[in-house]
Amino acid sequence: VVVMSVMNGFRTELINKIVNINGHILVYSTQQEGIKDFESIESKINDFEFVEKSIPMIEAQILALGESQSSGGLLRGIPLEKLSTIDIVSSNIIQGNLIESNNGVVIGSRLASSLSLGYGDNLSIMSPRGISSPFGTIPRSYSYDVDAVFDIGMTDYDSTVIFIDLPVAQEFLNLGNVAGVIQIFVDKPERSIIYKQDIDNALEGFNVFSRDWTQTNANLQEMLIVERNVMFLIFSLLLIITGINIVSGLIILVKDRSREISILRAMGMKKVSIARLFIISGAKIGFFATIIGLVVGILVSVYVENIRLFLMSIFDITLFNPEIYFLISMPSEIHVPEVITITILSLSLSIVATIYPAIRSVSKDPAEALRNE
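Within every chain, residues take consecutive numbers counted from 1 along the sequence as written. Restriction of local features to residues with pLDDT of at least 70 applies here, the model being predicted, together with a cutoff of 80 or more for giving and counting side-chain atom pairs; totals for whole chains, interfaces and linings are based on all residues. Working from all heavy atoms in the structure, the side-chain values ignore hydrogens and water.

**Quick look at the overall build of the chain**
Turning to step 1, where the next piece is worked out: A tally of regular secondary structure across the chain gives 17 helices and 10 strands.
Turning to step 2, where the next piece is worked out: Rg of the C-alpha trace for the chain: 31 Å, well past the compact-globule value of 21 Å for 373 residues, more than 25% over.
Turning to step 3, where the next piece is worked out: Viewed in the frame of its principal axes, the chain has a C-alpha envelope of about 110 × 50 × 40 Å.
Turning to step 4, where the next piece is worked out: Taking all 373 residues of the chain together, 42% fall into the buried category.
Turning to step 5, where the next piece is worked out: Restricting to contacts in the chain with at least 6 residues of sequence separation, those with at least 24 account for 77%. Runs of E in the DSSP output that reach at least two residues are strands. Runs of H or I that reach at least four are helices, and both are numbered from the N terminus. The atom set for the radius of gyration is the C-alpha atoms, and the globule formula is 2.2 Å times the number of residues raised to the power 0.38. Think of it in three bands: residues with accessible area under 20% of the maximum for their type are buried, residues over 50% are exposed, and the middle band is partly exposed, with areas taken using a 1.4 Å probe on protein chains only. Should any heavy atoms of two residues lie within 4.5 Å, those residues are counted as being in contact.

Set out below in structure tokens:
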């Protein structure tokens, strides 16, 4: 229960954060220079009722420079008035604010920490898209004030992403009035693949194509599903092992109680009645073990993050390293159907495990068993 809940929580949290910062549907240009008429495309996109917002964006790899440190980063040019509508960013601002932003940059908390920067400090960014000169290409470099710092809880974004106003990004990257991609946020993300068809039909002739979040994150989603299924298989095998333990325990009980079983049979007790005693005994073990495990599993799943922090403080160790797992906290999400499946599987194995010991308990002739008594 604990493992499946953590796996479910990890998958949901990771996918939700990636989707909510990147968009549910992305519109790309079929031409190398980008989307030139993105205002017209946005107008058509926003005509659909299921579209909550659309955001044009430019992305580029840059080098971020602090006073004494440097780090690679991902520059994202987005209209500042639309950046505040991305809830996962606007609701996780820890320094400064987006409202008073004045052509500055909005950076992640881990990037700010690595460059020793904070609200109001100066950040220099350098682009490989430089200026041609007789001596070759000179890298383009500009300085901007840090208007805000965000912390969304994903190390991959908190340590690399730099948001800047779209026109400023276009000027910095020496581009015209173009966008690299248009992010579309819809009302029901699970229906994005259906919405994508409508958008594609409406944008025929604009030299663009679209992909929904299930396509852009297909490898990640498939990896998480496979990992969850493998974990379920592994722990199902553990359930089988516990069932074998019940079998061995009941077989030892049958051996220890062979004299009593033989006396009861000699007194006229039926084989079915004796076999039923061992089935009930094994089922009782499985029932109480399952209920106790279920209660403990649900409690641990609910408070797994608190338990992680407690163990880290007591033993001074790192559990769930954010540099590896992308998230800074251990998520957990209990799926009732999975809990019911695990419970039924556990109870079923407990009952099945009693069948062989029950048959063995009545297979021996009582006279033979009492011969040496």
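Still more ground to cover, so stick around.
**Overview of the pattern of salt bridges**
Turning to step 1, where the next piece is worked out: Any carboxyl oxygen of Asp or Glu that lies within 4 Å of a side-chain nitrogen of Lys or Arg is treated as forming a salt bridge with it. In total, this model carries 5 salt bridges according to the counting rule given.
Turning to step 2, where the next piece is worked out: Where Glu33 meets Lys36, a salt bridge forms, and the shortest distance between an N and an O atom there is 3.7 Å.
Turning to step 3, where the next piece is worked out: Classification of Glu33 by relative accessible area gives partly exposed; the value is 41%.
Turning to step 4, where the next piece is worked out: The shortest N-O distance in the salt bridge between Lys82 and Glu42 comes to 2.6 Å. Pair noted here: Lys82 is in helix H3 (residues 80-83) and Glu42 is in helix H2 (residues 38-45), with a separation of 40 residues, a long-range link.
Turning to step 5, where the next piece is worked out: Owing to a relative accessible area of 22%, Lys82 belongs among the partly exposed residues under this scheme.
Turning to step 6, where the next piece is worked out: Glu42 sits in the buried class, given a relative accessible area of 8%.

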